[in-house]
Amino acid sequence: MQTGAITGYIDVAQLVLYAFWVFFAGLIYYLHRENKREGYPLKSDRSRAISVQGWPSVPRPKTYQLAHGGTVQAPNARRDAQPPVHEGAYRGSPLQPEGDLLLAGVGPGAWANRADVPDMTYEGLPRIVPLRVTADFGVAPQDVDPRGLPVWGADGLEGGRVVDLWVDRSEMLFRYLELDVPAAAGSPSRRVLLPMNFARVLDHRIAVRSILGGQFARVPGTRHAEQVTLLEEEKIMAYYGAGTLYATPQRQEPLL
């Protein structure tokens, strides 16, 4: 019998190899099951009573401590409160949004059901705030100060005017332009946010190609005048994203 052999056919190296195989198989099983803490069980398009989990099944709920207080369990029974889409079509048919296409929550206007709380800095302060509440930031002298400039939509019509900029305290850059836009007849004007990545700052105006001038009035607002929550950011971004396809009927047609 050779050195290290347990019997004439099995030695320590072979046992270690077998143990590694068992460990690796268990690791794959564990990771695949943990991957189902979000998004599962799936919805079946055959019946609402069917719960699609696959194998392995969804793990038991685990409680997580959040960075700024509070807890959250995953998996949980929370479902996205997305707007309704056309129902009754055959399986596999494209989803047809209902109502206001810019608020339908599908396609380029889809949004995730994030927490309805502001994003916070490491120090526990709201991360994205207007310049009027922080004296540590400002517009560089060599850049165009957009405050007071008109905002034009893709149709060349004015949709509002810039009244302030919202700065990201952690990244030290501007995230939004705050606009004063006209509301319905007989109603006061309202304040909405315009993401900087949808705006082009020119010398005498702000150009926006995703939506039309008259569509700024329907941009989702914020609950607080000087804070924006993660969920509100999702819906604001989704509105301008939806405009790239749904702002005009022509944008939904083929290019050729």
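Okay, so let's go over this structure.

1. Remarks on the overall build of the protein chain
Here is step 1 of the chain: A tally of regular secondary structure across the protein chain gives two helices and 11 strands.
Here is step 2 of the chain: Listed N to C, the secondary structure of the protein chain is α-β-β-β-β-β-β-β-β-β-β-β-α in terms of helices and strands.
Here is step 3 of the chain: In the protein chain, which comprises 256 residues, the proportion classed as buried is 30%.
Here is step 4 of the chain: Contacts in the protein chain between residues at least 24 apart in sequence constitute 55% of all its contacts with a sequence separation of at least 6.
Here is step 5 of the chain: Accessible surface for the protein chain amounts to roughly 16700 Å². Of this, 56% is attributable to carbon and sulfur atoms.

2. Remarks on the pattern of salt bridges
Here is step 1 of the chain: On inspection of all chains with the given rule, the structure shows 17 salt bridges.
Here is step 2 of the chain: Across the salt bridge formed by Glu158 and Arg161, the nearest N and O atoms sit 3.4 Å from each other.
Here is step 3 of the chain: The exposure class of Arg161 is partly exposed, given its relative accessible area of 39%.
Here is step 4 of the chain: A single network of salt bridges, built from pairs that share partners, joins Arg132, Asp164, Glu178, Asp180, Arg191 and Glu226.

3. Regarding the pairing of strand β8 (residues 173-181)
Here is step 1 of the chain: Of the strand pairs in this sheet, strand β7 (residues 158-168) and β8 are connected by seven bridges, and their pairing is antiparallel. Bridging from a neighbouring strand, Trp166 pairs with Tyr176 of β8.
Here is step 2 of the chain: Following β7, the chain reverses through four residues before pairing antiparallel with β8; Met172 in that reversal takes a positive phi of roughly 60 degrees.
Here is step 3 of the chain: With six bridges joining them, β8 and strand β9 (residues 190-195) adopt antiparallel strand pairing. Counterpart to Leu177 in the pairing with β9 is Leu194.

Conventions we followed
Residues numbered from 1 in each chain as written. Predicted model: local features only at pLDDT ≥ 70, side-chain atom pairs only at ≥ 80, totals over all residues. Heavy atoms only, no water. Helix = DSSP H or I, 4+ residues; strand = E, 2+ residues; numbered from the N terminus. Buried < 20%, exposed > 50% of the residue type's maximum accessible area, 1.4 Å probe, protein only. Contact = heavy atoms within 4.5 Å. Areas by Shrake-Rupley, 256 points an atom, 1.4 Å probe, with all protein chains shown as cover. Salt bridge = Lys/Arg side-chain N within 4 Å of Asp/Glu carboxyl O. Pairing = 2+ DSSP bridges.

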